[in-house]
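Commentary on secondary and tertiary structure
Residues per chain are reported as follows:
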Amino acid sequence: MGKIRVRNNNAASDAEVRNTVFKFNKDFGQHILKNPLVAQGIVDKADLKQSDTVLEVGPGTGNLTVRMLEKARKVIAVEMDPRMAAEITKRVQGTPKEKKLQVVLGDVIKTDLPYFDVCVSNTPYQISSPLVFKLLQQRPAPRAAILMFQREFALRLVARPGDPLYCRLSANVQMWAHVKHIMKVGKNNFRPPPLVESSVVRIEPKNPPPPLAFEEWDGLLRIVFLRKNKTIGACFKTSSIIEMVENNYRTWCSQNERMVEEDFDVKSLIDGVLQQCNLQDARASKCGQTEFLSLLHAFHQVGVHFA
Ligand SMILES: C[S@@+](CC[C@H](N)C(=O)[O-])C[C@H]1O[C@@H](n2cnc3c(N)ncnc32)[C@H](O)[C@@H]1O
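Here the structure is a predicted model, which means the values were calculated and not measured.

**Quick notes on the packing of aromatic side chains**
Taken as a whole, this structure holds 10 aromatic pairs when the rule is applied. With a centroid separation of 6.1 Å and an interplanar angle of 50 degrees, the aromatic rings of tryptophan 176 and phenylalanine 214 are classed as tilted. Of the two residues, tryptophan 176 is situated in helix H6 (residues 168-176) and phenylalanine 214 in helix H7 (residues 214-224); the sequence distance between them amounts to 38 residues. Measuring from ring centre to ring centre gives 5.3 Å for phenylalanine 299 and phenylalanine 306, while their planes differ by 85 degrees; the resulting arrangement is edge-to-face. With respect to class, phenylalanine 299 is no different from phenylalanine 306; both count as buried. Feature note: the residues Tyr166, Trp217, Phe225 and Phe292 constitute an aromatic cluster, connected by ring pairs.

**Considerations on the pairing of strand E8 (residues 144-150)**
For E8, the buried fraction is high: 6 of the 7 residues fall into the buried class. The β-α-β motif built from strand E7 (residues 118-122), the intervening helix H4 (residues 128-136) and the parallel element E8 has right-handed crossover chirality.

**Some remarks on helix H10 (residues 266-277)**
A rise of 1.5 Å per residue sets the reference length of H10, with its 12 residues, at 16 Å; its end C-alpha atoms lie 17 Å apart and thus fit the reference within 8%. Along H10, the positions that sit buried rather than exposed are Val266, Leu269, Ile270, Val273, Leu274 and Cys277. Projection of H10 onto a plane perpendicular to its axis shows the buried side chains occupying an angular sector of 125 degrees, all on one side. The exposed residues of H10 that point more than 90 degrees off its buried face are Gln275 and Gln276.

**Concerning the sheet that holds strand E11 (residues 198-205)**
The mixed open sheet is built from 7 strands, whose spatial order is E6-E5-E4-E7-E8-E11-E9. Each end of this open sheet is capped by a strand with a single partner; those strands are strand E6 (101-105) and strand E9 (177-185). Ignoring strand direction, the axes of neighbouring strands in this sheet form an average angle of 20 degrees. Where strand E5 (residues 74-79) lies against E6, 5 bridges are found, and the strand directions are parallel. Within E6, the position partnered with glutamate 79 by the bridge is leucine 105. Sheet strands in contact with helix H1 (residues 36-46) are E7, E8, E9 and E11, and its direction is about 160 degrees off that of E9. Here H4 sits on the sheet in contact with strand E4 (53-57), E7, E8, E9 and E11, set at roughly 170 degrees to E8.

Cut-offs and rules
Residues numbered from 1 in each chain as written. Predicted model: local features only at pLDDT ≥ 70, side-chain atom pairs only at ≥ 80, totals over all residues. Heavy atoms only, no water. Phe/Tyr/Trp six-rings, centres within 6.5 Å; stacked < 30°, edge-to-face > 60°. Helix = DSSP H or I, 4+ residues; strand = E, 2+ residues; numbered from the N terminus. Buried < 20%, exposed > 50% of the residue type's maximum accessible area, 1.4 Å probe, protein only. Right-handed = clockwise from strand over helix to strand, strands pointing away. Expected span 1.5 Å × (residues − 1). Arc of directions from axis to C-beta. Pairing = 2+ DSSP bridges. Axes fitted to C-alpha atoms, helices over the stretch in contact; angles between N-to-C directions. Contact = heavy atoms within 4.5 Å.

Below you can see the structure in the form of structure tokens.
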């Protein structure tokens, strides 16, 4: 933990300016956004309406929070560090913003989230992935999430089939949401600066969500992205995968009062499905939703599930 003085090096009205001494905790991903232009840019990109309830993850000292309180009806800020929660509470005390801010102390991943229209976060990078999936599972779905991530994580979110960074995360998130890269943010805009560059993305959950069970989709993606440059046929030849497919098939048969044939051979069942979809020689790194959906559908048709 480095001892950092947060000082006023910008416009006088910015309270990122408070002369507060904090020991920023790197374990909590505490990299405070010190550039007011970037903070304002992020809030502008959120396109908040006066009727909006905003969820902010990790308000820190409140540099995004105070700007959002000017635009929205309410901001619910979930913060894990009690010192930061106290700081943001103090920052709005005695101002008209006080009544619009609700600070929730705790780990956002373990918190049952209330209703919100938009989520905004300069995200603690260690919770990037669980946060994205938590937001995608939120019901009713928020209108949008404007989230700062490490540049590489952001680029994975938007990567398309064939791009070097395309991975299970890309295929997964793009099934449930439209994702756009909206802003690059250099490390010197933070105090203390992180080791890597950052980017802001906009995630708009599809509404209504696709009629698909998340666990099924993710279960299939886990297999085909096991080694994304291997063929899908090779992924399904791994012995642990063959065993899992067989177990899942037998469970499905017993739940549906079906007899498992005496000469049942799981390898031929798998080969048949892959041939039907013509995907034995395809590689996940080059496949998109159409291919994965057709594969999932064909497995379901023969009683193989992945959840
Ligand atoms: C990168 S800082 C952002 C601070 C502020 N929003 C800003 O932009 O200047 C991340 C903040 O998230 C908080 N935090 C870390 N992990 C968290 C978690 N699991 N749940 C809620 N807040 C968390 C940290 O304490 C820190 O205040």
